[in-house]
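# Coordinate analysis (summary)
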Amino acid sequence: MGLSVTLSNALAGMDMNQRGLTVVSRNVANAGTPGYHRQKLSLVEDLGVNSVNVRVAKVQRAYVQALETQTHRETGKMGAMDVKAGFMNQIDQLLGKPGSINSLDTQLANLKASLQSLTTSPEDFVSRSQVVDRAQSMAETLNFLSRSTQTMRVEAESQISVHVSEVNQYLSSLADINADLTDTTRDDDTRISVLDERDRLINKISELVDVSVDYRGDGSVALHTRSGIGLLDGKASQFQFQTAGNLAATALYDADPAKSGVGQLTIATPSGLAIDVVAHGVLHTGRISSLLDQRDNSLVTLQNQLDEIAAGLAQAMSTIDTAGAAVAAGGANGFEVDLANVQVGNSFTVKYVEGGTAKTVNVVRVDDASKLPMDSTAANGVRTIGLDFSGGIGAVATSLNATLGAAITVSNPAGTTIRFMDDGAGNTTDINSLNAHTTVTADQGAGTALSLFTDNGGGSFTNSLDGVPQKRGYAGRIAVNQAIVADNSLLVKHETTTSIGDATRPNYLIDQLANLEFTASTASDQATGFFKVSGNVENLVKQALNFQGNVIASTKQAYESQGVVMETLEMRAKEAYGVDIDEEMAMLLQLQNAYAANARVVSIAKELVETLMQI
């Protein structure tokens, strides 16, 4: 081996050692930097004419694509679970533990206890005042829970707005990085730092929206949602969101922007196509998806449950049940009842047997033509039919004859009376009962029922379905009848002549509260295992609290499980990409020794050259 070859090899070794020292120092300096991938030199043999040495081919970064793909998927799930857990924690604090002083079940129990005391001492002013106080406390609790629920929905919209700005910024930055990676003039060190930033951005995006990543040979990427909508392919798509401001319980999502009461989230592709994210189910995981679910589903479910409780309270005490009178004519038997006091939202129920099958039909007054036709059968077999009463009871009877078939006969014998008759000699049907359910309209002189709870402006709660359903948001509007607040003797004196010691009305109120049963008109997502709340008011409260408690508990468990998954992935990433300081220090010593050895070779070669020159 000639002297020049020896010198060349030593210089090549020194260059390799210097590059290696640079990589080691970079690894050590970034040992605690999130998203940093460990680097190392890739060496290749360099074949010369008279020698063989090594040179640096490139700097490599530790990278496992399968691990990155799994991390993106699980990061999206974790982002969604983190949002849900946060809101469930707020709901948990809001509702309190069952039995706590401010919880709904305690408030209802206090109201029932005060009514029970009133039945034994109706003449006692303090007992009557306590009923009013407990009723106001119950109403105020429902008002507070409803306001808080809508505040959380507004909070969800606010967070969506922030995250939309973030994801747009990340996508734009990633598009710039793609441009850098396709630039072939970039050196290895620059490309590696760009690749680290690329992966950091993808992780940030995957926390906000669910993404799938296509990696290209030059290191650039294309992103799309798991539903197939492109987020980045050359140019970046843009999310667009405008908050709706303060949200009321009546402000719900609708695929028609003109009908929707909440902020609309769309994604605009580079080609100019605007896609409604919610209507098309674009997002499945990630923080934004979870926030949309809270705003449009989970918190709406909570509001619906509060509304059911409020409506049950109002109707339990203000509903007058009028049993139909038995009638017989031409060999047929049945019942008739006067519907003069049926208001919009009130109803009547007929129970009959047809061909050996028991049937129950509930007819609701709905004068809003846009809500008709209305005909559905619940899981318990009760058929609900909505009819317009504005045309008179004769029109109602005609419509029911056409709907129920020839086995029973419905007629309007006079005025506002409706009559149901069986088929007489045919003996295939029997009418068992007919009851009208109306809302009391006066505090005195209208029977023992009482509108203890009212709606806005002191109006009666009739559960009207016309326009915006009266039940929607009622928990935020329910209030105690101001006439009763001003004169609590109305809790007892259902007639002006009633004795102040008469317990008839208090007994009626507590009996209705315990025995009048309801079936919710709305149901939650079946995937959560929820069913329609039903039963008396106490059952409505218990079922709502149990449902929310179960969701809170299952969310906590899922959140903790997802946390374990993320910890496992972080450990795998640390093993695959992390910097081991001890290992790097050992490499540093090795490189320093090698550098010193090569430097010694150069020094000796220099001395030999100088000696030769002196000969």
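A brief report on the enclosed structure follows. (Residues numbered from 1 in each chain as written. Predicted model: local features only at pLDDT ≥ 70, side-chain atom pairs only at ≥ 80, totals over all residues. Heavy atoms only, no water.)

Across five bridges, strand 11 (residues 325–329) lies against strand 12 (residues 332–338) in antiparallel orientation. Across the sheet, alanine 328 pairs through a bridge with asparagine 333, a residue of strand 12. From the end of strand 11 to the start of strand 12, which pair antiparallel, there are two residues, and glycine 330 there has a positive phi angle of about 60°. (Pairing = 2+ DSSP bridges. Helix = DSSP H or I, 4+ residues; strand = E, 2+ residues; numbered from the N terminus.)

Spanning 12 residues, helix 9 (residues 504–515) covers 16 Å between terminal C-alpha atoms, matching the ideal 16 Å at 1.5 Å per step. Where helix 9 is buried, its residues contact helix 3 (104–120), helix 6 (287–318), strand 10 (319–323) and helix 10 (537–577). (Expected span 1.5 Å × (residues − 1). Contact = heavy atoms within 4.5 Å.)

Taken in spatial order, the six strands of this open sheet run 10-19-13-14-16-15, and their pairing is mixed. Each edge of the open sheet is held by one strand with a lone partner, namely strand 10 and strand 15 (374–377). Going across the sheet, the axis of each strand differs from the next one's by a mean of 20°, ignoring polarity. Across eight bridges, the pairing between strand 13 (residues 347–354) and strand 19 (residues 429–439) is antiparallel. For glutamate 354, the partnering residue across the bridge sits in strand 19 and is threonine 429. Seen against the sheet, helix 7 (residues 393–404) touches strand 13, strand 14 (357–365), strand 15 and strand 16 (382–387) and runs at an angle of roughly 140° to strand 16. (Axes fitted to C-alpha atoms, helices over the stretch in contact; angles between N-to-C directions.)

Turning our attention to the environment of proline 34. One can find proline 34 in the loop between helix 1 (3–29) and strand 1 (39–47). Considering only alpha carbons, one finds proline 34 and glycine 578, 544 residues apart in sequence, at a separation of 9.6 Å.

Below, the discussion takes up the sheet that holds strand 12. Sheet strands line up and pair through hydrogen bonds in the backbone, either parallel or antiparallel. The four strands lie next to each other as 11-12-18-17, forming an open sheet whose pairing is antiparallel. The open sheet terminates on both sides in strands that have one partner only, identified here as strand 11 and strand 17 (409–411). Averaged over all neighbouring strand pairs, the angle between strand axes comes to 25°, with direction disregarded. In terms of strand pairing, strand 17 meets strand 18 (residues 417–421) through three bridges, oriented antiparallel. The residue bridging valine 410 from the neighbouring strand is phenylalanine 420, located in strand 18.

Any functional reading would require information beyond the geometric quantities listed.
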